[in-house]
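# Architecture and fold: a report
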Amino acid sequence: VQLQASGGGLVQAGGSLRLSCVVSGRTGSFRYMAWFRQAPGKEREFVGALRWNGGHTYYADSVKGRFTISRNNAKDTMYLEMNALRSEDTAVYYCTASPSVIQSNLASRVAYAYWGQGTQVTVSS
């Protein structure tokens, strides 16, 4: 299984970006896919998750109402639409997947088995 994240870049505060995560491999076995991010000097933190079958989404409070996770099953791709970006959203964004994580554990990075390489998002104020 491989995850490939892309779409990062430099954007002004208040702007938007859409990240993509293309999955190659057995996507049918995933229970959840998720986005995490890591800012310099900080721990990797949960951004949001998507239940692959069913499409339910869950978000960290810090991004709720601004970020949206979606998927295209036919393309085995997950997206992270980011609006109203703030300087504190600056980080490397990672996509991840798990065949077994449960809902109560979505924010725990150790619950995920597969990780992409990350894509840098920089928001200038």
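Values in this document were obtained by computation on a predicted structure and should not be read as measured data.

Now for the overall build of the protein chain. For the protein chain, the helix and strand inventory stands at 0 helices and 11 strands. By the compact-globule yardstick of 14 Å for 125 residues, the protein chain fits well, its C-alpha radius of gyration being 13 Å. Judged by the C-alpha coordinates and their principal axes, the protein chain covers about 40 × 30 × 25 Å. Going through the 125 residues of the protein chain one by one, you find that 44% of them count as buried. The contacts of the protein chain with a sequence gap of at least 6 include a subset with a gap of at least 24, amounting to 56%. With the model as given, the accessible surface of the protein chain reaches about 6,200 Å², and the carbon-plus-sulfur share is 45%.

Time to look at the pattern of salt bridges. All chains considered together, the criterion is met by 5 salt bridges. The partner of Asp-89 in a salt bridge is Arg-37, with the nearest N and O atoms 2.9 Å apart. Placement of the pair is Asp-89 in the loop between β8 (77-82) and β9 (91-98) and Arg-37 in strand β4 (residues 32-38), with a sequence separation of 52 residues. Judged by relative accessible area, Asp-89 falls into the buried class, the value being 1%. For the salt bridge of Asp-89 with Arg-66, the shortest nitrogen-to-oxygen distance reads 2.8 Å. Here Arg-66 lies in the loop between β6 (57-59) and β7 (67-72) and Asp-89 lies in the loop between β8 and β9, a separation of 23 residues in the sequence.

Glancing now at the pairing of strand β5 (residues 45-51). Of all the 7 residues making up β5, 5 are buried; the element is thus mostly covered by neighbouring parts of the structure. Between the antiparallel neighbours β4 and β5 lie 6 residues, among them Gly-41 with a positive phi of about 75°. Of the strand pairs in this sheet, β5 and β6 are connected by 3 bridges, and their pairing is antiparallel. Pairing of Leu-50 across the sheet is with Thr-57, part of β6. Hairpin connection of β5 to β6: 5 residues between the antiparallel strands, including Gly-54 at a positive phi of 120°.

The strand order across the open sheet formed by 4 strands is β1-β3-β8-β7, and the pairing between neighbours is antiparallel. Each edge of the open sheet carries a strand with a single partner, namely β1 (2-6) and β7. Sheet twist, expressed as the average angle between the axes of neighbouring strands with direction ignored, equals 15°. Inspection of the sheet shows strand β3 (residues 17-24) paired to β8 by 6 bridges, in the antiparallel sense. Considered in β8, the bridge of Cys-21 is made with Met-78.

This next bit is on the environment of Ser-104. Here Ser-104 shows up in the loop between β9 and β10 (114-115). Judged by relative accessible area, Ser-104 falls into the exposed class, the value being 67%. In sequence terms Ser-104 and Leu-3 are 101 residues apart; their C-alpha atoms lie 23 Å from each other.

Basis of the calculations
- Throughout, residues of each chain are indexed from 1 in the direction in which the sequence is written.
- Per-residue local features are limited, in this predicted model, to residues with pLDDT of at least 70; the limit for side-chain atom pairs, both in listing and counting, is 80 or more; totals at the level of whole chains, interfaces and linings are taken over all residues.
- Hydrogens are left out, water is left out, and the side-chain values use all remaining heavy atoms of the structure.
- Only DSSP runs of H or I with at least four residues qualify as helices, and only runs of E with at least two residues qualify as strands; both kinds are numbered from the N terminus onward.
- To get the radius of gyration, use the C-alpha atoms; to get the globule rule, take the number of residues to the power 0.38 and multiply by 2.2 Å.
- The buried label goes to any residue with under 20% of its type's maximum accessible area, the exposed label to any with over 50%, and the partly exposed label to all in between, with areas taken from a 1.4 Å probe on protein chains only.
- The contact rule is simple, with two residues in contact once any of their heavy atoms fall within 4.5 Å.
- Surface exposure here means Shrake-Rupley accessible area, sampled with a 1.4 Å probe, where a residue is shielded only by the protein chains that are shown.
- A side-chain nitrogen of Lys or Arg and a carboxyl oxygen of Asp or Glu constitute a salt bridge if their distance falls within 4 Å.
- Pairs of strands are assigned from DSSP output, requiring at least two bridges between the strands.
- All axes are obtained by fitting lines to C-alpha atoms, using only the stretch in contact for helices, and the reported angles, taken between N-to-C directions, cover 0 to 180 degrees.

Distances and angles like these do not, on their own, reveal function.
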